[in-house]
Amino acid sequence: SKQRAETEKHVVVCSTSLQSNLIMDFLNEFYAHPKLQNFYVVLLSPSELDQTLAMTLHVPLWAQRVIYIQGSALNNSDLNRAQVE
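Here is a short report on the structure shown in this document. Every chain is numbered on its own, with residues counted from 1 as its sequence reads. Where totals are concerned, whole chains, interfaces and linings use all residues; where local detail is concerned, this predicted model gives features only for residues with pLDDT of at least 70, and gives and counts side-chain atom pairs only at 80 or more. The basis for the side-chain values is all heavy atoms of the structure; hydrogens and waters are excluded.

Points about the sheet that holds strand β2 (residues 40-45)
Paired strands, as defined in this entry, are two strands with at least two bridges between them according to DSSP. The numbering of helices and of strands both runs from the N terminus, where a helix is a DSSP run of H or I of at least 4 residues and a strand a run of E of at least 2. Strand order in the open sheet made by the three strands is β1-β2-β3, with parallel pairing throughout. One side of each edge strand has no neighbouring strand; the edge strands of this open sheet are β1 (10-14) and β3 (66-70). For this sheet, the mean angle separating the axes of adjacent strands, direction not counted, is 20°. Relative to β3, β2 is paired through five bridges, and the arrangement is parallel. Pairing of V41 across the sheet is with V66, part of β3. Lines are fitted to the C-alpha atoms to define the axes, a helix being fitted only along its stretch in contact, and any angle between axes, read from their N-to-C directions, falls within 0 to 180 degrees.

Here it is as structure tokens:
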């Protein structure tokens with residue numbers, strides 16, 4: 001939500017395709033740092049989630065930290081939805 005995006009810290013990861021093994025490597029490395037535990041990760045991609053990644057992101061550990069938005073980093077309305085300023 002817009003209110004949540006204004007009050008919570010987040011990082012937007014833009015990619016043309018989402019490969020589950022690469023995304024999981026990124027998330028594990030990102031959240032390994034203690035100062036990043038309170039950040040949300042927003043995945044912005046024009047491609048749909050594959051079944052493996054979709055199931056993984058439904059696990060409570062990731063569901064509370066990762067938000068997927070289907071869209072393009074080249075589209076201003078998609079960037080606004082991801083709260084990129």
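We are not done yet, so read on.
So, the side chain of S20
If you trace the backbone, S20 turns up in helix α2 (residues 20-30). Note on exposure labels: buried denotes an accessible area under 20% of the residue type's maximum, exposed denotes more than 50%, and partly exposed covers the range between, all computed with a 1.4 Å probe on protein chains only. Residue class for S20 comes out buried when judged on its relative accessible area of 18%.

Regarding the pattern of salt bridges
One speaks of a salt bridge when a side-chain nitrogen belonging to Lys or Arg is within 4 Å of a carboxyl oxygen belonging to Asp or Glu. A full pass over the atoms with the stated rule returns one salt bridge. Residue D78 is joined to R81 by a salt bridge in which the shortest nitrogen-to-oxygen separation is 3.0 Å. With D78 and R81 both in helix α5 (residues 76-81) and three residues apart, this pair spans about one turn of that helix. Residue R81 is classed as partly exposed on the basis of its relative accessible area, which comes to 47%.

Re the packing of aromatic side chains
The rule is short: rings of Phe, Tyr and Trp, with Trp giving its six-membered ring, pair when the centres are within 6.5 Å, and they are stacked under 30 degrees, edge-to-face over 60, tilted in between. Overall, the coordinates contain four aromatic pairs when judged by the stated rule. With a centroid separation of 6.0 Å and 45° between ring planes, the pair formed by Y31 and W62 is classed as tilted. Of this pair, Y31 sits in the loop between α2 and β2 while W62 sits in helix α4 (residues 60-63), and the two are 31 residues apart along the sequence. Take W62: its relative accessible area is 7%, and that puts it in the buried class. In this structure an aromatic cluster arises from ring pairing among F26, F30, Y31, F39 and W62. Distance and angle both matter: a charge sits over a ring if NZ of Lys or CZ of Arg is within 6 Å of the ring centre and within 35 degrees of the ring normal. The aromatic ring of Y31 is capped on one face by R65, whose charged end is 4.2 Å from the ring centroid.

Some points on the nonpolar core
Considering soluble globular proteins, one finds that nonpolar side chains tend to be buried as a cluster. Residues grouped as a nonpolar core are buried Ala, Val, Leu, Ile, Met, Phe, Trp, Tyr and Cys residues, joined through side-chain atoms within 4.5 Å. L27, V41, L43, L57, W62 and V66 are the most contacted members of the largest nonpolar core, which has 13 residues in total. Of all the elements in the fold, those that place two or more residues in this core are α2, β2 and α3 (51-57). Per element, the largest residue contribution to this core is four residues, and it comes from α2. Any two residues whose heavy atoms approach within 4.5 Å at even a single point are treated as in contact. When residues no more than four places from it in sequence are discounted, the contact partners of W62 are M24, L27, N28, Y31, T56 and L57. Grouped together as the second largest cluster of nonpolar side chains are five residues, V42, L44, L79 and A82 included.

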